[in-house]
Amino acid sequence: MIPAITAKYDWILAITSIAFVFSAFGNGANDVANSYATSVAARTLEMWQAGILATITEFVGAVALGSRVTSTIKSGIISPDRFMGKPGTFMLAMGCAEVGSATWLMVATHYGWPVSTTQTVVGALVGVGFATQAEISWGWKSGSVSQIAASWGIAPAVACGFSALIFGTLKYSVLERQDSFKWGMRLIPLYLSVTGAILALFIVVEAPTAPSLEEFGAGKAVGIILGVFFGCLLISYVFFVPYFHRRLVKQDPRIRAYHIPLGPWLLKDDCPLYWPGKGDKFVTNYYEDAHGEVRAGQKDSGKEKASDQKDTNISDIERTAESAMATPQIQPKKRILGPHERFLEPVQDLSWLNPTKWWGWIKFILLQGVTRDVITHDSEHLRAVHARAHRYDDRVEHLWTYCQVVSAMMMSIAHGSNDVANAVGPWAGSYATYLSGAVNTESETPVWFLVIAGLLLGAGFWFYGYNVMRAMGNKITQMSPTRGFATELGAAVTVLLASRLGLPVSTTQCLTGAATGVALMNFDMGAMNWRQLGFIFIGWVLTLPCAGLVAGLICLMALNAPHF
């Protein structure tokens, strides 16, 4: 039975619930892209593959690990004392915060602006705090605005350091050695095992059954981590090394990742292959864009001058098949098929009575978000940035695609655990207050809240994440599997450490800081797109006041509206 004092405010709960849907969807569309942007930019994953993985990993992170940070967002930013005895006002404040957060996220995502969803919700809560004259937690204490704001500056720097250290180790132990492929084959089992052990470590310390590492016991944690490490090492030598040998040493183009379970049998030439792959390429060109062009490494190979001259002389010539025949140095660009060309153009002349047309539109609606090109950027400035990045052996890059997928999944789980609070926190506070009839910020966040939020995070990325995907990844610096691995692992470690401490840091800022660290390891300031960093930084600056203004003004108007 709903208490009479809050039963009349069911309309506020309804509006808050609708805003929550858009907030969680926008969160997924804007922030989940960070987790998989480098994997897609490095051609390790296709957009649809990233979409499937994102849906799974965001759900796991949100449901299994997200409750701790939710409590900070729900009651740590503004004091609930101002609302004691006025549950309706508290519900209104939380609803306006949700509306302000959802509005800014959807606007920013529409324009491809990678903003911090954490800053968005904190700004919205501060805005309603001003509107309601509630006490805002500014002092340096757990869950305060100042502590969260400090994490915005500290987290990118920490992520930058982690990723630079990881990529620097990989660079000098493998990538720049005389026989990099040989060293890559030797060390990839170790890197796979270390990545798995790090993932196990954070699963252990973040598990709901282990509220603190001290209570769980350091001995048990170390045992699990070492067990995972040596287990992954055994799996690597038994299954992955034969797979890599068959695919990269023997250069068998039929081998695919789903042949890994064959293990030692792959070392035999007469090993029967189920569903053999087609084509004649045994490894992907990880530096090629959707047009078939490669820019990275031009400085190293001494082609930079020739490239600059070619760009000056013929960059304005239309690269068609005819021009390529007349001028061999001009190659025709590959045509990029978007969802409109792929699904709608073939059925545009058909009648609506034809089921084929309906099927084309259904595929367009369901798949338009994961069938767009987010890798290619037709920009002379970006081409120059990519040309200054070092290029490494594609065989070595392929070895690290598997580490990169694991690190991307870790980053996504970290995002789900940390940023689910941004959408769920205000809604949970409003819902608990509605049920109890009094301001309630102490009750547990219902698991079904986290379930819905986890699904919406994945859906946001699937349908609308392509806008922000274009802004991340290759638009910051040239990405490759090794660089993406270091970027994602460095950012994931930072986010999960913050989640452990109850600090809702920005995954956008962590990933941007991590990408900066990797780019700086080129030891060339020109290998970083500083314009894009400035663009992202402006979004960070505008986010808090914009979200705060929207939420605060709506709350102020609602509180001062005439009552009948």
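Residue numbering note: each chain is counted from 1, following its sequence as written. Restriction of local features to residues with pLDDT of at least 70 applies here, the model being predicted, together with a cutoff of 80 or more for giving and counting side-chain atom pairs; totals for whole chains, interfaces and linings are based on all residues. Note that water and hydrogens are dropped before the side-chain values are worked out from all heavy atoms of the structure.

An unreviewed UniProt entry lists the chain under the name Phosphate transporter, from Aspergillus nomiae NRRL. What the UniProt record of the chain gives under Sequence similarities (unreviewed entry) is the line "Belongs to the inorganic phosphate transporter (PiT) (TC 2.A.20) family." UniProt positions are given in the numbering used here, feature names are shortened, and annotations may be inferred rather than shown by experiment. In the Subcellular location (unreviewed entry) part of its UniProt record, the chain is described as follows: "Membrane".

Student: Got a sec to walk through the packing of aromatic side chains? Specific residues and values, please.
Tutor: Between rings of Phe, Tyr and Trp, where Trp is taken as its six-membered ring, a pair exists when centres lie within 6.5 Å; planes separated by under 30 degrees are stacked, by over 60 edge-to-face, and by other angles tilted. Under the counting rule described, the total for this entry stands at 26 aromatic pairs. With 5.9 Å between their ring centres and 90° between their planes, Y243 and Y402 make a pair best called edge-to-face. One end of the pair, Y243, is in helix α10 (residues 218-249); the other, Y402, is in helix α17 (residues 401-436), and 159 residues separate them in sequence. Y402 shares its class with Y243; the two are buried. Consider the rings of F537 and W540, whose centres lie 6.3 Å apart with planes at 65°: the pair is edge-to-face. Linking F537 with W540, this pair stays in helix α22 (residues 530-559), spanning three residues, or about one helical turn. Counting every residue linked through ring pairs, the aromatic cluster contains F20, W427, Y431, W448 and F449. The aromatic ring of W183 is capped on one face by R186, whose charged end is 4.6 Å from the ring centroid. In this arrangement the basic side chain of K357 is found over the ring face of W352, its NZ or CZ atom lying 4.7 Å from the centre. For the purposes of this entry, the term helix denotes a DSSP run of H or I that reaches at least four residues, the term strand denotes a run of E that reaches at least two, and both are numbered from the N terminus. For the exposure calls, accessible area comes from a 1.4 Å probe over protein chains only, and a residue counts as buried if that area is under 20% of its type's maximum, exposed if over 50%, partly exposed in between. The rule is short: NZ of Lys or CZ of Arg within 6 Å of the ring centre and within 35 degrees of the ring normal puts a charge over the ring.

Student: Describe the pattern of salt bridges, with residues and values.
Tutor: Basic side-chain nitrogens of Lys or Arg form a salt bridge, by our definition, when they fall within 4 Å of a carboxyl oxygen of Asp or Glu. Under the defined criterion, the tally for this structure stands at eight salt bridges. Measuring nitrogen to oxygen at the nearest pair gives 2.9 Å for the salt bridge that ties K250 to D269. With K250 in the loop between α10 and α11 (304-314) and D269 in the loop between α10 and α11, this residue pair connects regions lying 19 residues apart in the sequence. Between R388 and D524 there is a salt bridge; the shortest N-O distance is 3.0 Å. Residue R388 is located in the loop between α15 (380-387) and α16 (394-399), and its partner D524 is located in the loop between α21 (507-520) and α22; the two are separated by 136 residues in the primary sequence. Accessibility expressed as a relative area gives 27% for R388, which makes it partly exposed. Here D524 falls in the buried class, since its relative accessible area comes to 11%.

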